[in-house]
Amino acid sequence: MMNQDFHTQLRQLREERNISLEELSLKIRISAEKLGRYETGEDIPSRETILKLSNTLEVPLSNLTDGLQFS
């Protein structure tokens, strides 16, 4: 089960940095549509994608992964 705060945290971090969904998707090389699903909580990114997100958003990995469960 996914921590309900992951998608909120992701969107908040992106918006605080004034990065559009499209810009972030280009930087981490996934579609803006898929990134949007991460932000709405409809989809859960892979560990690799979360690592790219934390690097691109310049936050510790734990900021995004706290409470996330990986199968």
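The coordinates are above.
Position numbers for residues count from 1 along each chain, tracking the sequence in the order it is written. The model is predicted, so local features are restricted to residues of pLDDT at least 70 and side-chain atom pairs to those at 80 or more, both for listing and for counting; the totals for chains, interfaces and linings are taken over all residues. Just so you know, side-chain values use all the structure's heavy atoms and leave hydrogens and water out.

(A) Expanded view of the nonpolar core. Residues grouped as a nonpolar core are buried Ala, Val, Leu, Ile, Met, Phe, Trp, Tyr and Cys residues, joined through side-chain atoms within 4.5 Å. A simple rule labels every residue: compare its accessible area, found with a 1.4 Å probe on the protein chains alone, to the largest value its type can have, and call it buried under 20%, exposed over 50%, or partly exposed in between. Grouped together as the largest cluster of nonpolar side chains are 14 residues, with contacts concentrated most on L10, L24, I28, L35, L53, L57 and L64. Breaking this core down by element, the ones donating at least two residues are helix 1 (5-16), helix 2 (21-28), helix 3 (32-40) and helix 4 (47-57). Here a helix means four or more residues in a row that DSSP labels H or I, a strand means two or more in a row labelled E, and each is numbered from the N terminus.

(B) Broad picture of the pattern of salt bridges. Salt bridges are defined as contacts in which a side-chain nitrogen from Lys or Arg sits within 4 Å of a carboxyl oxygen from Asp or Glu. A full pass over the atoms with the stated rule returns 7 salt bridges. Among the salt bridges present, the one from E33 reaches R37, with a minimum N-O distance of 3.4 Å. Here the residue E33 and the residue R37 both occupy positions in helix 3, the gap between them amounting to 4 residues, near one helical turn. For K52, the salt bridge goes to E48, with nearest N and O atoms at 3.6 Å.

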